[in-house]
Amino acid sequence: MSTTCATEGFPGPSESTGLRLVKGHAAMAPADPRNEELAADLDAAFEGLVRAFQDRLYSFALRLCGNREDAEEVAQDSFVRAYRALKTYPAERIRALSLQAWLYRITLNVARNRWRGKRVRLVSLGNGGSDGEDARRAWDVPDASERPDSRLEREQDRRGLASLVASLPERYRAAIILRYVEGLRLEEVAAILNQPLGTAKSNVHRAVNLLRRAITDSRRAKRS
Amino acid sequence: MKTQSKASDSPTLAIARSLAALPRERAPRSLLPAVLKKVGLADTYWEIETPIGRIFIAHSRQGISMVSRARSAREFERAFERRTGRPIERAKGKPPADLRAVVAGRRKAADAHLRFDLRGLSEFERAVLLKAFEIPRGEVRPYSWIAREIGHAGAVRATGSALAKNPVPVLIPCHRVVRSDGHLGNYSLGGPRNKRTLLEAEGAQPATLEKLAASGVRYFGNEAEKYFCFPTCGGIGSLMRENLVLFGSDREALAAGYRPCAACRPAA
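Computed from a predicted structure; not experimentally measured.

Conventions adopted
For every chain, the first residue of its written sequence is number 1, and the numbers climb from 1 along that sequence. Lettering of chains starts at A and numbering of ligands starts at 1, both following the order in which they are written. Where local features are concerned, this predicted model is filtered to residues with pLDDT of at least 70; where side-chain atom pairs are given and counted, the filter is 80 or more; whole-chain, interface and lining totals use all residues. Hydrogens are left out, water is left out, and the side-chain values use all remaining heavy atoms of the structure. Numbering of helices and strands runs from the N terminus, with a helix taken as a DSSP run of H or I at least four residues long and a strand as a DSSP run of E at least two residues long. Three exposure classes are used, based on accessible area relative to the maximum for each residue type with a 1.4 Å probe and protein chains only: buried under 20%, partly exposed in between, and exposed over 50%. When checking whether two residues touch, look at their non-hydrogen atoms; a contact exists if any pair is within 4.5 Å. Here the accessible surface of atoms and residues is derived via Shrake-Rupley with a 1.4 Å probe, and residues count as covered only by protein chains that are part of the display. Strands are labelled as partners when DSSP assigns at least two bridges between them. Angular values range over 0 to 180 degrees, each being the angle between N-to-C directions of two axes fitted as lines to C-alpha atoms, with helices fitted over their stretch in contact. For a crossing to be left-handed, the near helix must be turned anticlockwise from the far one by less than a right angle; the clockwise case is right-handed. Here the nonpolar group is Ala, Val, Leu, Ile, Met, Phe, Trp, Tyr, Cys and Pro; Asp, Glu, Lys and Arg are the charged ones; every other residue, Gly included, is treated as polar.

Asks: Would you mind showing me how to read the overall build of chain A here?
Replies: Tallying secondary structure elements over chain A gives twelve helices and zero strands in all. Its helices and strands in sequence order give chain A the pattern α-α-α-α-α-α-α-α-α-α-α-α, from N to C terminus. Here chain A holds 224 residues, and the buried ones make up 51% of them. Within chain A, contacts between residues at least 6 apart in sequence are counted, and of these 70% link residues at least 24 apart. Surface exposure of chain A reaches about 9,800 Å², of which carbon and sulfur atoms provide 49%.

Asks: Before we go on, may I ask you to explain the sheet that holds strand β2 (residues 53–59) of chain B in this structure?
Replies: Pairing between the strands of a sheet comes from backbone hydrogen bonds, and it takes one of two forms, parallel or antiparallel. All names here are of chain B. With mixed pairing, the four strands of this open sheet are ordered in space as β3-β2-β1-β4. The open sheet has two edge strands with one neighbour each: β3 (64–69) and β4 (88–90). The mean inter-strand angle of the sheet, taken between neighbouring strand axes irrespective of direction, is 30 degrees. Note that strand β1 (residues 43–50) and β2 share seven bridges and pair antiparallel. Within the sheet, the bridge partner assigned to Trp 46 lies in β2 and is Ile 57. Across the sheet, helix α3 (residues 73–84) is in contact with β1, β2, β3 and β4; its angle to β3 comes to roughly 130 degrees.

Asks: Mind showing me how you'd approach the packing of helix α2 (residues 33–40) of chain A against helix α3 (residues 42–65) of chain A here?
Replies: The description of two packed helices rests on the angle between their axes and on the distance between the axes. Residues and elements named next belong to chain A. Close contact between α2 and α3 brings their axes to 7 Å; oriented N to C, the two are set at 145 degrees. Here α2 and α3 pass one another in a crossing that is left-handed. Residues Arg 34, Glu 37, Leu 38 and Ala 40 of α2 lie in contact with α3, whose contacting residues are Leu 42, Ala 45, Phe 46, Gly 48, Leu 49, Ala 52 and Phe 53. In terms of residue class, the contact of α2 with α3 is made up of eight nonpolar, one polar and two charged.

Here is the structure:
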């Protein structure tokens, strides 16, 4: 087994465009002391890396997977792969890494590898709750054009929305989560997805359209 | 540029906004320990007998990370995880001979190449602890000595606080730091009684030190060679009684023409 997260079809951190992005636009690379710490003493600094990014990666994995059990395993596995990869990297390479993009990338790859083997389960997006309950919540997603602020912020609406996002086709799901849930710039999204900017942009756009349609459908299903 | 109508724009915006409003979920507490265990970065611990009973010594790849007393291994593990947020497992095998020798006093800690994992402490706290580490077995120093030696002569109280937070007592011998008025002062590992027990076991004679301090003696001088020391300094210990001079303060000793001992450095 490879020690990085590279698997057929999905480039691992060794081919990370997160890295290339930084190299191509050195000015954009944040002067993160964390890179230096990791390069100097990985074992000492790794815990800090996990603490700094665990909420972010777990959240990302949760939006991708749609359930907490898978999300925790994906986040866990991602950090383990990140550590093993960093172990093999020369210090120069660790210094040049765009850590956030690189970690998102690994998480995405780990999640994809899991999906290949099984269907995504859409359970327990909220704090517990059965399948039936979540399905009902999905129906609660309101018409987005109708008083979005007051209605969409409600907890059950969020769960419904999260369920709908998690049921989007994989390529669109990752794009829309990175762009809007994680709030990354399109350039970063493209780098993480290893896609040209135009492709990432159209994937995000398509994802929004699909999501809008899914929201409309769930509303219709609720009414009938 | 795109010229989309307001009508098709606003639902997109609303979706974007509601997606952005999805909360960032907190990672479960079990995530970090699981990761560290899997990559082999979990701390491990040994149990060792000492004059103050059984202690637990945890260490990470960086070095010794925590020393504590506990009624049981389970209690220690819980205390460790609470304090550091890291997982811990019992070490396989016996503690290294070096470590056992240091705890038993058969070997100088400085010679044993002990490494400490002092992550999470401030620069100042680390400096205090590493200075305390230099105090030889059988000797004691006042808090003010540490403060002065690390270049913060005024920070005596902060020095005390840093020592109270010592995560690795016994091995970094904060019990060898006492008050300049002769009181032993507090001890994090089970209170002043344990501090006394440890000092007695090391031959520092805390009772004698207290008596000396009570009668106003703080330093010993060597009349023949005109230098002065802390009473526990190894150099002055072998001094013949007729050459011994007693001082109540460093100023008094300096005024009498005595220079501070180069080994125990009782004055700047």
